[in-house]
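The chain contents come next:
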Amino acid sequence: MPEIKICGLTTPGTLDAALAAGADWVGFVRFARSPRHVALEEARRLSAQAKGRAGRVVLLVDADDEAVAAAVEAIGPDLIQLHGRETPGRVAAIRAATGRPVMKALGIAGRDDLAAIAAYAGHADRLLLDAKAPPGAVLPGGNGVSFEWDILAGAALPADTMLSGGLAPGNVAEAIARTGLTAVDVSSGVESAPGVKDPDRIAAFVAAARGTTPR
């Protein structure tokens, strides 16, 4: 059964919708330019709501040590997701400083981008393959675009690699079938507007990924 992460949750109601649908992971974004950004105190409350019901992820983008420490203190994440230009050394440093597992997002557009996998695999606990942000994009992820999944054919991917980028209820089953990956991440694909999660789309996504009926 595939692992499912619903990222960019910002309200108690939509978080409850993700938990009720059966999400394995719920993500809280700490990146001011994102429409999914949540203040630390709100993130603290949301994390407490999810504790014991799903894994909690904080998404950071090129955060300095102070920002990392503040996010970890407030959220108590089970996993730190680094979605910027963090080097393998920076990934290792954050992992060591926080004592938390780290997932590094890698932007993928073509097969050449897969070369970064080997560089990060020894430093991150997990990797997330996301569509590379389009030229001029403000956000490093959550842009609702996908990459050509077939470029992953034959690639040596670490266990638990997660797939992201343009996933939605209508294509997630195909993505899982074509890539063979067993973990998926969605944000904009379950929204009615940027940053506004739709409970029905969340339920439909989880059901489609697992081949079940929405809860």
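Up top is the structure these notes are about.
Asks: Teacher, can you tell me more about the packing of helix α6 (residues 172-179) against helix α7 (residues 199-210) here?
Replies: Helix packing geometry: the angle between the two helix axes and the distance between the axes. Direction vectors running N to C along α6 and α7 enclose 35 degrees, while the axes themselves pass 7 Å from each other. Considering how the two elements wind past one another, α6 and α7 form a crossing that is right-handed. Facing α6, whose interface residues are Val172, Ala173 and Ile176, α7 presents Phe205, Ala208 and Ala209.

Asks: How do you make sense of helix α2 (residues 40-50) when you look at a structure like this?
Replies: Given 3.6 residues to a turn, an α-helix orients residues that are three or four positions apart in the same direction. Taken residue by residue, α2 has Ala43, Leu46, Ser47 and Ala50 as its buried positions. Down the axis, α2 shows its buried residues gathered within 100 degrees of arc, on one side only. Counted as exposed and oriented over 90 degrees from the buried face of α2: Arg45 and Ala48. Each element contacted by the buried residues of α2 is listed here: α1 (12-21), β2 (25-30), β3 (55-60) and α3 (65-75). Just downstream of α2, Gly52 is the residue with a positive phi angle, here 80 degrees.

Asks: Can you walk me through the pairing of β2 in this structure?
Replies: Among the six residues in β2, five count as buried, and that is most of the element. In this sheet, β2 lies alongside strand β1 (residues 3-6) in parallel orientation, the contact comprising two bridges. Considered in β2, the bridge of Lys5 is made with Trp25. One crossover worth recording links β1 to the parallel β2 by way of α1, and it is right-handed. Bridging between β2 and β3 involves six bridges; their strand directions are parallel. Within β3, the residue paired with Val29 across the bridge is Leu59. The parallel pair β2 and β3 is bridged by α2, and the resulting crossover is right-handed.

Asks: It is not clear to me how unusual backbone geometry should be interpreted in this structure. Could you clarify?
Replies: Keep in mind that most residues, glycine aside, have a negative phi and that most peptide bonds are trans. In the Ramachandran plot, Asp62 falls in the positive-phi region, its phi being about 50 degrees despite a non-glycine side chain. Locating Asp62 in the fold gives a position in the loop between β3 and α3. The phi dihedral of Asp160 falls on the positive side, at around 70 degrees, and the residue is not glycine. Its location among the elements puts Asp160 in the loop between β6 (126-131) and β7 (162-163).

Asks: How should I be thinking about the pattern of salt bridges in this particular structure?
Replies: A side chain with one charge can pair with a side chain of the opposite charge if their charged atoms come near. By the definition in use, this model includes 18 salt bridges. Note that Glu42 and Arg45 form a salt bridge whose closest N and O atoms lie 2.9 Å from each other. Remark: Arg45 and Glu42 occur in helix α2; sequence separation between them is three residues, near one turn of the helix. In this structure Arg45 comes out as exposed when scored by relative accessible area, which is 52%. In this structure, Asp62 and Arg85 form a salt bridge, with 3.8 Å as the shortest nitrogen-oxygen distance. Placement of the pair is Asp62 in the loop between β3 and α3 and Arg85 in the loop between β4 (79-82) and α4 (88-98), with a sequence separation of 23 residues. Connected through shared salt-bridge partners, Glu148, Asp150, Glu174 and Arg178 make up one network.

Conventions used here
Residues numbered from 1 in each chain as written. Predicted model: local features only at pLDDT ≥ 70, side-chain atom pairs only at ≥ 80, totals over all residues. Heavy atoms only, no water. Axes fitted to C-alpha atoms, helices over the stretch in contact; angles between N-to-C directions. Helix = DSSP H or I, 4+ residues; strand = E, 2+ residues; numbered from the N terminus. Left-handed = near helix turned anticlockwise from the far one by under 90°. Contact = heavy atoms within 4.5 Å. Buried < 20%, exposed > 50% of the residue type's maximum accessible area, 1.4 Å probe, protein only. Arc of directions from axis to C-beta. Pairing = 2+ DSSP bridges. Right-handed = clockwise from strand over helix to strand, strands pointing away. Salt bridge = Lys/Arg side-chain N within 4 Å of Asp/Glu carboxyl O.

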